[in-house]
2 protein chains.
Amino acid sequence: MYTIDPLARKPIYEQIIDQLELFVATGAFKPGDRIPSVRAVSTSSGVNPMTILKAYGELDSRGVICSVPGRGYFVSEGAKEKIAEAKINGLGELRGQIAALCRLGIPKSSVYALVDEAYGEITAGGDTL
Amino acid sequence: MYTIDPLARKPIYEQIIDQLELFVATGAFKPGDRIPSVRAVSTSSGVNPMTILKAYGELDSRGVICSVPGRGYFVSEGAKEKIAEAKINGLGELRGQIAALCRLGIPKSSVYALVDEAYGEITAGGDTL
DNA sequence: ATAGGTGTTATAGTCCACATATAACAGTTT
DNA sequence: AAACTGTTATATGTGGACTATAACACCTAT
């Protein structure tokens, strides 16, 4: 279902959000698809239902998924775009982290190499956009 | 002394660590220099001494500064290198964040642009290393 | 030696995000 | 009716960050 690490510094509900966003981005979950129910995820992962609900509620408020009482949660139309948009908006934080490296004297080439490395792991040559 | 934002998501003691590292990296604080005392920082910033101590203690354990009981804290020899080394080791986390952008379909060119933007703000043309 | 600065330790308490535990209520499907 | 679904409410536990206060020990200058 989802891969949860209770010991990670990242909260469980954020881990769920990240993974579901990834599933949507990769097309594993498409608009209209029903996603795993709160109780099903809770049972299979051992995580409290309230924690799952917190993740789903957050995604719902972002318009990525949509709750249908009695039926379940479903991937929204345009979910992929909503996710990308949110990520773009959240890029400022990353920029700050990179700027900090700059101020500390880390050469730009090292950061470029880091980006290449990160992208190389996944795309292995082909650009994504 | 230090610029503290109690409302920031980043803990106060980490804010102090970051700023002191920056001062060392830029040469504002050089090896042998005495840094602001725990009590002085506490008084001027309104932050509890224990919080300052937590920041200084962490930097001490990293070998960036050195405590001399009765006299104060002093910047260690090779502090700059220790900081850079620690940052390099902590780069894996950033790599993970960038990889996440890749998986979500953010084009590599966008990330390159982000790096350029971040470095452009500070270096404005000249490479740092 | 006294005073005033320094780091250091100890204890206790507050606050808040995260996660849990449990239960109950309501809607949908079969 | 049964078995799912989401939803809400209340209470509890845990851990990190921060505060409050006090005391102890060290160094230096007067």
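Rules and cut-offs
- Residues numbered from 1 in each chain as written.
- Chains lettered and ligands numbered in written order.
- Predicted model: local features only at pLDDT ≥ 70, side-chain atom pairs only at ≥ 80, totals over all residues.
- Heavy atoms only, no water.
- Salt bridge = Lys/Arg side-chain N within 4 Å of Asp/Glu carboxyl O.
- Helix = DSSP H or I, 4+ residues; strand = E, 2+ residues; numbered from the N terminus.
- Buried < 20%, exposed > 50% of the residue type's maximum accessible area, 1.4 Å probe, protein only.
- Expected span 1.5 Å × (residues − 1).
- Arc of directions from axis to C-beta.
- Contact = heavy atoms within 4.5 Å.
- Polar contact = N/O pair within 3.5 Å; in protein donor to acceptor, adjacent residues only side chain to side chain.
- Pairing = 2+ DSSP bridges.
- Near = heavy atom within 4 Å.
- Nonpolar A, V, L, I, M, F, W, Y, C, P; charged D, E, K, R; others polar.
- Phe/Tyr/Trp six-rings, centres within 6.5 Å; stacked < 30°, edge-to-face > 60°.
- Lys NZ or Arg CZ within 6 Å of the ring centre and 35° of its normal.

1. Here's the deal with the pattern of salt bridges
All names here are of chain A.
So, step 1. The tally for this structure, following the rule as stated, stands at twelve salt bridges over all chains.
So, step 2. The shortest N-O distance in the salt bridge between Arg62 and Glu21 comes to 2.8 Å. Placement of the pair is Arg62 in the loop between helix 3 (49–61) and strand 1 (65–68) and Glu21 in helix 1 (residues 12–26), with a sequence separation of 41 residues.
So, step 3. According to the relative accessible area criterion, Arg62 is partly exposed, its value standing at 33%.
So, step 4. Linked by salt bridges that have partners in common, Glu21, Glu58, Arg62 and Lys87 make up one network.

2. A few points about helix 3 of chain A
All names here are of chain A.
So, step 1. Look at helix 3: 18 Å from first C-alpha to last across 13 residues, which is about the 18 Å you get at 1.5 Å a residue.
So, step 2. Buried within helix 3 are the following residues: Ile52, Ala55, Tyr56 and Leu59. Here the buried residues of helix 3 occupy an arc of 90 degrees about the axis, which is enough to place them on one side. Exposed residues on helix 3 whose side chains face more than 90 degrees from its buried face are Met50 and Ser61.
So, step 3. Close packing links the buried residues of helix 3 with helix 1, helix 2 (38–45), strand 1 and strand 2 (72–75).
So, step 4. Between the side-chain oxygen at the start of helix 3 and the backbone nitrogen of Met50 there is a gap of 2.9 Å, and the oxygen is on Asn48.
So, step 5. Just past helix 3, the residue Gly63 takes up positive phi, approximately 85 degrees.

3. Notes on the pairing of strand 1 of chain A
Residues and elements named next belong to chain A.
So, step 1. Two elements, strand 1 and strand 2, share four bridges in a ladder whose sense is antiparallel. Note that in strand 2 the partner of Cys66 across the bridge is Phe74.
So, step 2. Two successive antiparallel strands, strand 1 and strand 2, enclose a turn made up of three residues, where Gly70 displays a positive phi of approximately 90 degrees.

4. Focus: the protein's contact with DNA strand D
So, step 1. DNA strand D sits among 24 residues. The nearest are Ser37, Arg39, Ser67 and Tyr73 of chain A together with Ile12 of chain B.
So, step 2. Taken together, the sugar and phosphate atoms account for 62% of what DNA strand D places within 4 Å of the protein.
So, step 3. Tyr73 of chain A places a side-chain nitrogen or oxygen 2.4 Å from a phosphate oxygen of DNA strand D.
So, step 4. In terms of residue count, the dominant contributor to the surface near DNA strand D is helix 3 (residues 49–61) of chain B (three residues).
So, step 5. Split into classes, the residues belonging to the surface near DNA strand D amount to eleven nonpolar, seven polar and six charged.

5. Brief notes about the packing of aromatic side chains
Residues and elements named next belong to chain A.
So, step 1. The tally for this structure, following the rule as stated, stands at seven aromatic pairs over all chains.
So, step 2. The rings of Tyr2, Phe23 and Phe29 are connected pair by pair, giving a single aromatic cluster.
So, step 3. Over the ring of Tyr13 we find Lys54; its NZ or CZ atom is 4.4 Å from the centre of that ring.

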